[in-house]
Amino acid sequence: MPATFERFPDDVMVALHHANVTVSCMPVQIDNEQWQAAIFYVLAADAPCLTNGKLEPGPFPVEIDADLHEHANGSLIEIGIDIATPTEHSRGTLLFITGHSTAHFETVKLLSKQDDLPLFIGDQYCNVLYQQRIVLTDAMRTGFGQLVDEALGRDAVIRMTGHYDPEVVFEDVVKSLGLA
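Values in this document were obtained by computation on a predicted structure and should not be read as measured data.

### What to know about the nonpolar core
Side chains of a nonpolar character, in soluble globular proteins, are inclined to be buried together.
Part 1 of the reasoning: One finds Cys25, Ile39, Leu43, Leu55, Ile77, Leu111 and Leu117 to be the most contacted residues of the largest nonpolar core, which totals 30 residues.
Part 2 of the reasoning: At the level of elements, strand S1 (23–29), strand S2 (35–42), strand S6 (74–83), strand S7 (90–96), helix H2 (102–111), strand S8 (116–122), strand S9 (128–135) and helix H3 (138–161) are the ones that each hand at least two residues to this core.
Part 3 of the reasoning: Met26, Ala38, Phe40 and Val128 belong to the second largest nonpolar core, which has 14 residues in total.

Written out as structure tokens, the structure is:
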């Protein structure tokens, strides 16, 4: 992947700061090409994989898993990422409420269509330390598509009952995953 960003895009930095998280997946335009979902991962200054603030060159093996949380008040898609950075893996959890947020829906929809997933690893100031592309197989794309379709279908039914409440879903899932 050619050098595309020296720092995370401003919109990404604002979103990370606003949500108080260190990993996000959102649509971006890379080198003025078409929109695609990309993962942005911020390493802590004292991350074990850093040596003098630098990250050993990759590529790093990356594992991605996804799950649908079916809650009485709505649906939430969880995507886990495990980056095999040196010394200690870097892990993160991405949560998407596709029936509530257009950006969440668009991101997961893009994941169901892209050939690969750009990954940007940055320091605590969002300077890009390393970037690579993660190949998305047909099975992965199909899985993302099925998850978003199932979430939207469930949420439509829940909306008809008047019980749709994405904030309750998010809070309960965050609590159950031990992320709070």
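### Here's the deal with the sheet that holds strand S5 (residues 62–71)
Part 1 of the reasoning: The strand order across the open sheet formed by three strands is S5-S6-S7, and the pairing between neighbours is antiparallel. Of all strands in the sheet, those bounded by a partner on one side alone are S5 and S7. Direction aside, the axes of adjacent strands within the sheet are offset by 15° on average.
Part 2 of the reasoning: Note that S6 and S7 share seven bridges and pair antiparallel. Each bridged residue has a counterpart across the sheet, and for Ile83 the counterpart in S7 is Ser90.
Part 3 of the reasoning: H3 rests against S5 and S6 of the sheet, and its axis sits at about 15° to S5.

### Here's the deal with the sheet that holds S8
Part 1 of the reasoning: The strand order S1-S2-S8-S9 describes an open sheet built from four strands, whose pairing is mixed. Of all strands in the sheet, those bounded by a partner on one side alone are S1 and S9. Strand-to-strand twist across the sheet, computed as the mean angle between neighbouring axes with direction ignored, equals 25°.
Part 2 of the reasoning: The pairing of S8 with S9 spans seven bridges and is antiparallel. Bridge pairing in S9 links Pro118 to Arg133.

### Observations concerning the pairing of S5
Part 1 of the reasoning: The sheet contact formed by S5 and S6 spans ten bridges and is antiparallel. Bridge assignment links His71 to a residue of S6, and that residue is Gly74.
Part 2 of the reasoning: The turn joining S5 and S6, which pair antiparallel and follow one another in sequence, is formed by two residues.

### Some thoughts on the pairing of S1
Part 1 of the reasoning: Most of S1 sits inside the fold, with six of its seven residues counted as buried.
Part 2 of the reasoning: Remark: five residues form the turn of the hairpin made by S1 and S2, two consecutive strands paired antiparallel; Asp31 in that turn has positive phi of roughly 55°.

### Quick notes on helix H4 (residues 166–176)
Part 1 of the reasoning: Among the residues making up H4, those that are buried are Pro166, Val169, Val173 and Val174. Angularly, the buried residues of H4 cover 120° about the axis, an arc narrow enough to put them on a single face.
Part 2 of the reasoning: Of the surrounding secondary structure, the elements contacted by the buried residues of H4 are S5, S6 and S7.
Part 3 of the reasoning: In the stretch just after H4, Gly178 is the one whose phi turns positive, near 75°.

### Quick word on the pattern of salt bridges
Part 1 of the reasoning: Per the stated rule, a full pass over the model turns up five salt bridges.
Part 2 of the reasoning: Here Asp82 and Arg91 are joined by a salt bridge, their closest N and O atoms 2.8 Å apart.
Part 3 of the reasoning: On the basis of relative accessible area, Asp82 is assigned to the buried category, the value being 17%.
Part 4 of the reasoning: With relative accessibility at 52%, the residue Arg91 sits in the exposed group.
Part 5 of the reasoning: Here Arg133 and Asp116 are joined by a salt bridge, their closest N and O atoms 2.9 Å apart. Note that Arg133 is positioned in strand S9 and Asp116 in strand S8, a separation of 17 residues in sequence.
Part 6 of the reasoning: Classification of Arg133 as partly exposed rests on a relative accessible area of 33%.

### Some points on the environment of Asp31
Part 1 of the reasoning: By secondary structure assignment, the location of Asp31 is in the loop between S1 and S2.
Part 2 of the reasoning: A residue is classified by how much of its surface remains accessible, and Asp31, at 42% relative accessible area, is partly exposed.
Part 3 of the reasoning: For the pair Asp31 and Leu43, spaced twelve residues apart in sequence, the C-alpha separation works out to 24 Å.

What counts, and at which threshold
- Residues numbered from 1 in each chain as written.
- Predicted model: local features only at pLDDT ≥ 70, side-chain atom pairs only at ≥ 80, totals over all residues.
- Heavy atoms only, no water.
- Core = buried A, V, L, I, M, F, W, Y, C linked by side-chain atoms within 4.5 Å.
- Buried < 20%, exposed > 50% of the residue type's maximum accessible area, 1.4 Å probe, protein only.
- Helix = DSSP H or I, 4+ residues; strand = E, 2+ residues; numbered from the N terminus.
- Pairing = 2+ DSSP bridges.
- Axes fitted to C-alpha atoms, helices over the stretch in contact; angles between N-to-C directions.
- Contact = heavy atoms within 4.5 Å.
- Arc of directions from axis to C-beta.
- Salt bridge = Lys/Arg side-chain N within 4 Å of Asp/Glu carboxyl O.

Remember, this is a structural readout, not a statement about activity or role.
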